[in-house]
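As a plain string of letters, each chain reads:
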Amino acid sequence: MNLETKWLEDFLALAELRNFSRAAQHRNVTQPAFSRRIRSLEHALGVELIDRTTTPLALTPEGRLFHTTARNLLRQMDDGVQPLFRLSGQLGSIPLLGYSPGAFMGRQVNGLLRKIDNLPRFQPVMESSLTNLLKVMALKGGGIAWLPGYAIVDELASGQLVDFAGLDQREKYWGYIEIKLYRNDVRLHAGAERFWSALGKRCQRGWLLT
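Sequence order as written defines residue numbering, which begins from 1 separately in each chain. Per-residue local features of the predicted model are confined to residues with pLDDT of at least 70, and side-chain atom pairs are confined, for both listing and counting, to 80 or more; whole-chain, interface and lining totals are unaffected and use all residues. The basis for every side-chain value is the complete set of heavy atoms in the structure, and neither hydrogens nor water enter the calculation.

Q: Teacher, can you tell me more about the overall build of the protein chain here?
A: Starting at the N terminus, helices and strands are each numbered in turn, a helix being any DSSP run of H or I of at least four residues and a strand any DSSP run of E of at least two. Secondary structure summary: the protein chain contains nine helices and four strands in total. Reading the protein chain from its N terminus to its C terminus gives the helix and strand order α-α-α-β-β-α-β-α-β-α-α-α-α. Considered along the principal axes of its C-alpha atoms, the protein chain spans approximately 55 × 55 × 30 Å. To sort residues, take the accessible area from a 1.4 Å probe on protein chains only and compare it with the maximum for the residue type: under 20% means buried, over 50% means exposed, and anything in between is partly exposed. Among the 210 residues that make up the protein chain, the fraction classed as buried is 35%. Long-range contacts, defined here as pairs at least 24 residues apart, represent 59% of the contacts in the protein chain between residues at least 6 apart. The contact criterion used is simple: two residues touch if any of their non-hydrogen atoms lie within 4.5 Å.

Here is the structure:
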């Protein structure tokens, strides 16, 4: 059986919110993509987890049983990979690989940190405007870094990098960036139309284009 971690997190979000639209928004994916992921989880398990005939949604008996299993699986996955640096129990300061203050990501991360109460004691050890450079240093164990999710998919899957915040602190330490693209409502030249067509196809696989 091949279960993806994100499916388990999706299921727990849906079990809590009891609404596909709100759960998809919470997980920062489109509702169709979210629904497909829940269906993929049910297909992998061979049972229906969600009773879709009720309002609000309810868990089936199998879903209620699997709810506990999903929480335990995620906890075991989280505990099974030991990060070099932790939010709690860390001796001394935590080395921080930061962005240059003027960089776009630097402004985003600094804004996020300002909102966090009881912020751990971070010790800046490096600054750069280049995400890839901070990623390389994090892979070498030089400190923690806020990195875009798309840039570290393989590293998270392989365990080379782990989530510093952990499951219970993600709402506080994760940041989300909204990017909007605009075009004229007229026929563009062929190259531009191919570009927008490619964007549309990516949206169908999980992006949201407004």
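Q: Is there a simple way to think about the pattern of salt bridges in this case?
A: Pairing between side chains of opposite charge can happen when the charged atoms of each approach one another. Every case where a carboxyl oxygen of Asp or Glu lies within 4 Å of a side-chain nitrogen of Lys or Arg is listed as a salt bridge. Counted by the stated rule, this structure contains seven salt bridges. The closest approach of N and O atoms between Arg39 and Glu42, which form a salt bridge, is 3.4 Å. One end of the pair is Arg39 and the other is Glu42, both in helix H3 (residues 31-45) and three residues apart, which spans about a single turn. One network of salt bridges, in which partners are shared, links Glu9, Asp10, Arg27 and Arg37.

Q: I tried to follow the packing of aromatic side chains on my own but got confused; where do I start?
A: Aromatic rings considered in pairs are described by the distance between their centres and by the relative angle of their planes. Two rings from Phe, Tyr or Trp (for Trp, the six-membered ring) form a pair when their centres sit within 6.5 Å of each other. Planes less than 30 degrees apart are called stacked, planes more than 60 degrees apart edge-to-face, and all others tilted. Enumeration over the complete set of coordinates arrives at five aromatic pairs. When the ring of Phe122 is compared with that of Trp146, the centres are 6.1 Å apart and the planes differ by 90°; the resulting orientation is edge-to-face. Here Trp146 lies in the loop between helix H6 (131-139) and helix H7 (153-158) and Phe122 lies in strand E4 (residues 122-128), a separation of 24 residues in the sequence. Taken together, a centroid distance of 6.4 Å and an interplanar angle of 50° make the contact between Phe122 and Phe164 tilted. On the criterion of sequence distance, the pair formed by Phe122 in strand E4 and Phe164 in the loop between H7 and helix H8 (170-173) is long-range, its members being 42 residues apart. The pair formed by Phe122 and Phe164 is uniform in burial state, with each residue classed as buried.

Nothing here speaks to function; it is geometry throughout.
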